[in-house]
Amino acid sequence: MAESVGKQRTPLEARSPFDLRVDLGKDVPETDVRTALAEGDMGFMHSFTTGSAVDGPGVRVVGWTTGCMWRCQYCHNPDTWTMRNGIPVSVGQAIDELRKYRHGLKVMSGGVTISGGEPLMQRRFVIKVLAGAKAMGIHTAIETNGFLGAELTDADLENIDLVLLGIKMWDRDRHRALTGRDNEPTLELARRLAARKLPVWVRFVLVPGLTDDPADISQIAAFAAKLGNVERVEVLPFHQMGRFKWETLGIRYALEHTEPPTREEAEKACKIFRARGLTTH
């Protein structure tokens, strides 16, 4: 496995997470994949991007993992659904990548955020990387849909300073139609994080005609407000920037005729969260 990782020529750093990357880990034997997931000494990464000011506090490095069990209709990175589309990366490589930026991250009150895909599909690898970051004094965050949150141990959570938690929709049946999965594991993780007083930023994607029902948004807002550890809510307007990936990968894109929300529509959603006393952007 070390040999296959060492020969990887695709750069870890990408201009943006919208770069299309496929089959970068296709030559890794299945036995190595299973060992990697079980032990966490290797992971599969889409890329690292630097200079992000929207994925946690300060200026951040973001590591994008591959592998996701959800199939959100508005996903802008469907190439991250398949784990072997990613670059095989050792924990040491990932930490070395972060080490290059540690001083700047501290100066700019930033840190590292691990996103995806769904990073908890590679929980052991991700936690080892975050533990390495914390050992360097770097603030750590993870962006997750929360579906595999029950697999995080209390010790795992000690390595996470902030959770960016995606709550897609409140109504369970509509949530299944949107993502292919139930939302109760996400809500249960939210409750667990609240009990630990671990800071959370809730992320909600606003899609006209799909997730913009005021009653549904109100339910999410009421839930988030009761938790007590939600530092902010981010209402993320739907966009078409990842549409070309669906088309390139030969996957039907159901939202091809859906327009991004207007500024007024986005502000209407924000007001619902603010009415519950939540800092909302």
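Located above this text is the structure these notes cover.
All values derive from a computational prediction rather than experimental measurement.

Now for the overall build of the protein. Along its length, the protein carries 11 helices and 8 strands. Over its C-alpha atoms the protein spans a radius of gyration of 18 Å, differing by no more than 12% from the 19 Å that the globule rule assigns to 281 residues. When the backbone C-alpha atoms are referred to their principal axes, the protein occupies close to 55 × 40 × 30 Å. Considering the protein as a whole, with its 281 residues, one finds that 52% of them fall into the buried category.

Time to look at the sheet that holds strand β8 (residues 230-237). With respect to topology, 8 strands assemble into an open sheet ordered β3-β1-β2-β4-β5-β6-β7-β8, the strand pairing being mixed. Where the open sheet ends on each side, the last strands, each with one partner, are β3 (87-90) and β8. Between one strand axis and the next, the sheet turns through 30° on average, direction left out of account. Relative to strand β2 (residues 60-65), strand β1 (residues 42-52) is paired through 5 bridges, and the arrangement is antiparallel. Looking at β2, one finds that S52 is bridged to R60. Running over the sheet, helix α9 (residues 214-227) touches β7 (200-206) and β8 and is turned about 175° from β7. Helix α11 (residues 263-274) rests against β7 and β8 of the sheet, and its axis sits at about 160° to β8.

Once that is clear, we can look at helix α3 (residues 91-99). Along α3, the residues that are buried comprise V91, A94, I95, E97 and L98. Axial view of α3: buried residues confined to an arc of 155°, hence all on one face. Buried positions along α3 lie against β1, β2, β3, α4 (102-107), β4 (111-115) and α5 (123-135).

For the pair α3 and α5, the least separation of the axes is 9 Å and the interaxial angle reads 40°. For the crossing formed where α3 meets α5, the hand is right-handed. Of the residues in α5, those touching α3 at V91, A94, I95 and L98 are F125, K128, V129, G132 and A133. Along the lines of polarity and charge, the residues of the contact of α3 with α5 split into 7 nonpolar, 1 polar and 1 charged.

Turning our attention to the packing of aromatic side chains. Evaluated as defined, the whole model comprises 5 aromatic pairs. Seen in terms of ring centroids, W70 and F147 are 6.1 Å apart; in terms of plane orientation they differ by 70°. Their pairing is edge-to-face. A residue pair is termed long-range when its members are at least 10 positions apart, and W70 in the loop between β2 and β3 and F147 in the loop between β5 (139-144) and α6 (154-157) qualify at 77 residues. For W70, a relative accessible area of 1% corresponds to the buried category.

With that settled, consider the side chain of N159. By secondary structure assignment, the location of N159 is in the loop between α6 and β6 (162-166). Relative accessible area serves as the criterion here: at 18%, N159 is assigned to the buried category. A polar contact is formed between the side chain of N159 and the backbone oxygen of A155, at a distance of 3.5 Å.

The next point concerns the pattern of salt bridges. Per the counting criterion, the structure on display carries 24 salt bridges. Close ionic contact of R196 with E158 constitutes a salt bridge, the shortest N to O distance being 2.8 Å. Here R196 is found in helix α8 (residues 184-196), whereas its partner E158 is found in the loop between α6 and β6, with 38 residues between them in sequence. The class for E158 is exposed, based on a relative accessible area of 53%. Notably, a salt bridge pairs E256 with R243, separated by 3.4 Å at the nearest N-O pair. Linking E256 in the loop between α10 (243-249) and α11 with R243 in helix α10, this pair joins segments that are 13 residues apart in sequence. The partly exposed category is assigned to E256, whose relative accessible area is 38%. Within the structure, one salt-bridge network assembled from shared partners comprises D55, E143, R203, R232 and E234.

What counts, and where the lines are drawn
Residues numbered from 1 in each chain as written. Predicted model: local features only at pLDDT ≥ 70, side-chain atom pairs only at ≥ 80, totals over all residues. Heavy atoms only, no water. Helix = DSSP H or I, 4+ residues; strand = E, 2+ residues; numbered from the N terminus. Rg over C-alpha atoms; globule rule 2.2 N^0.38 Å. Buried < 20%, exposed > 50% of the residue type's maximum accessible area, 1.4 Å probe, protein only. Pairing = 2+ DSSP bridges. Axes fitted to C-alpha atoms, helices over the stretch in contact; angles between N-to-C directions. Contact = heavy atoms within 4.5 Å. Arc of directions from axis to C-beta. Left-handed = near helix turned anticlockwise from the far one by under 90°. Nonpolar A, V, L, I, M, F, W, Y, C, P; charged D, E, K, R; others polar. Phe/Tyr/Trp six-rings, centres within 6.5 Å; stacked < 30°, edge-to-face > 60°. Polar contact = N/O pair within 3.5 Å; in protein donor to acceptor, adjacent residues only side chain to side chain. Salt bridge = Lys/Arg side-chain N within 4 Å of Asp/Glu carboxyl O.

This is a description of form; function is not addressed.
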